[in-house]
Amino acid sequence: MNEIFPRSEYTKHIYPRRRSRVIYSMGDTHMEKFKKLLQQRYQLTDTRMLCALADNITFQHLDKDVKLIVEGETAANIYFLLSGIVRGFYYSENGKEITDCFVYESGDIIASDVPMNNAPSLITEETLIPCEIAALPINKIQELMSLYPEITQMYLQCLSLNLNRHREHKIALSRYCAATRYRWMKRTYPGLMDQVKKKHIASFLNITPQTMSNLRKRERTEQFGMAPDTDHAGAK
């Protein structure tokens, strides 16, 4: 996770401490850091466009377990993750949560596939740990797209990245055994397994929590140079 936007550096609006979502205003220094983040992440070069984006963005601190976007509801904003971890999930026919994706890299857009036509969202996006985000109203980004082609390119880049991640995930689920899926996730999402609950990782990999535990035990055993257990873990 990127900590270039620590909470202590924000100027806090006065909200009750019990609130799970707090809006901040940022000083010039950290606003420039945000612009630089966009420049580096999306190769944006138009300074007027960056200023227009920054002028329409609000910065928020969210506690863990806050739902940014809810399945079936119409999203009002697109969110840039500055720090933290967000999980996307949907519900199965019997009401079980199915983990669809994780967002944890600074500068990533949360739910980049949010419909622009007021259609309901297909998944819920929820914070797993306290997060710092930047929110941009969808109606405003549509307006800016008509003025600045780079914003359209940025959005298409996000859609492409999201599509590739989902394709890789789908291939991993359909092609690999449970142990290979586990290794794939460690390679594709380095460090994430140490920060996310086991049940969310298991759901993402379409394995049972018990299989997840067995895979971790086997991994620890192999790290100490001992033969792994003979009982093979399998997908559910």
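Now for a look at the structure at hand. All of these numbers come straight from a predicted model, not from anything done at the bench.

## Regarding the overall build of the chain
Line of reasoning, step 1. Secondary structure assignment for the chain yields seven helices and ten strands.
Line of reasoning, step 2. The buried share of the chain, reckoned over its 236 residues, is 45%.
Line of reasoning, step 3. Here the analysis covers contacts within the chain between residues at least 6 apart in sequence; of these, 71% occur between residues at least 24 apart.
Line of reasoning, step 4. Total accessible area on the chain stands at roughly 12,700 Å², and carbon and sulfur atoms take up 50% of it.

## What to know about the packing of aromatic side chains
Line of reasoning, step 1. Under the criterion given, the structure shown has eight aromatic pairs.
Line of reasoning, step 2. Where phenylalanine 89 meets tyrosine 91, the ring centres are 5.5 Å apart and the plane angle is 85°; that geometry is what we call edge-to-face.
Line of reasoning, step 3. When its relative accessible area of 0% is taken as the criterion, phenylalanine 89 is described as buried.
Line of reasoning, step 4. Aromatic pair phenylalanine 102 and phenylalanine 204: ring centres 5.2 Å apart, planes at 65°, arrangement edge-to-face. On the criterion of sequence distance, the pair formed by phenylalanine 102 in strand E7 (residues 97–103) and phenylalanine 204 in helix H6 (residues 198–205) is long-range, its members being 102 residues apart. The pair phenylalanine 102 / phenylalanine 204 is uniform in exposure class, with both members buried.
Line of reasoning, step 5. Among the aromatic residues, those joined into a ring-pair cluster are Phe102, Tyr104, Trp184, Tyr189 and Phe204.

## A look at the packing of H6 against helix H7 (residues 209–223)
Line of reasoning, step 1. One way to put it is that H6 packs onto H7 with a least axis distance of 9 Å and a crossing angle of 100°. Looking at the two axes, H6 sits roughly perpendicular to H7. From H6, Lys198, Ile201 and Ala202 reach across to H7, where they touch Pro209, Met212 and Ser213.

## Digging into the packing of helix H5 (residues 178–188) against H7
Line of reasoning, step 1. Contact geometry of H5 with H7 gives a least axis separation of 11 Å together with a crossing angle of 70°. Between H5 and H7, the angle falls in the class roughly perpendicular. Of H7, the residues touching H5 (which contributes Ala178, Ala179, Tyr182 and Lys186) are Thr211, Met212, Leu215, Arg216 and Glu219.

## With respect to H5
Line of reasoning, step 1. Taken residue by residue, H5 has Ala178, Ala179, Arg181, Tyr182, Trp184 and Met185 as its buried positions.
Line of reasoning, step 2. The elements touched by buried residues of H5 are E7, helix H4 (149–175), H6 and H7.

## Considerations on the pattern of salt bridges
Line of reasoning, step 1. Tallied over the full model, the rule gives ten salt bridges.
Line of reasoning, step 2. Among the ionic pairs, arginine 41 bridges to glutamate 105, the shortest N-O distance being 4.0 Å. A residue pair is termed long-range when its members are at least 10 positions apart, and arginine 41 in helix H1 (residues 28–42) and glutamate 105 in the loop between E7 and strand E8 (109–110) qualify at 64 residues.
Line of reasoning, step 3. Of the charged contacts, one joins lysine 67 and glutamate 126 as a salt bridge, the two residues approaching to 3.0 Å between their closest N and O atoms. You can see lysine 67 sitting in strand E4 (residues 67–69) and its partner glutamate 126 sitting in strand E9 (residues 124–127), a full 59 residues away along the chain.
Line of reasoning, step 4. Taking relative accessible area as the criterion, glutamate 126 reaches 10% and is therefore assigned buried.

What counts and how
Every chain is numbered on its own, with residues counted from 1 as its sequence reads. Local features in a predicted model are, by the rule used here, given only for residues with pLDDT of at least 70; side-chain atom pairs are given and counted only at 80 or more, and totals for whole chains, interfaces and linings are based on all residues. Think of the side-chain values as coming from all heavy atoms in the structure, minus any hydrogens and water. Starting at the N terminus, helices and strands are each numbered in turn, a helix being any DSSP run of H or I of at least four residues and a strand any DSSP run of E of at least two. Only protein chains enter the area calculation, which uses a 1.4 Å probe; residues under 20% of their type maximum are buried, those over 50% are exposed, and those in between are partly exposed. Residue contacts are defined here by distance: any two heavy atoms, one from each residue, within 4.5 Å place the two residues in contact. Note on areas: these come from Shrake-Rupley sampling with a 1.4 Å probe, and a residue is covered only by the protein chains present in the view. Side-chain rings of Phe, Tyr and Trp (the six-membered ring for Trp) are treated as a pair once their centres are within 6.5 Å; stacked means planes under 30 degrees apart, edge-to-face means over 60, and tilted covers the remaining angles. Orientation is described by lines fitted to C-alpha atoms, with helices fitted over the stretch in contact, and by angles between N-to-C directions that extend from 0 to 180 degrees. What sets the label is the angle itself: under 35 degrees gives roughly parallel, over 145 gives roughly antiparallel, 65 to 115 gives roughly perpendicular, and the rest give oblique. By convention in these notes, a salt bridge is any Lys or Arg side-chain nitrogen within 4 Å of a carboxyl oxygen on Asp or Glu.

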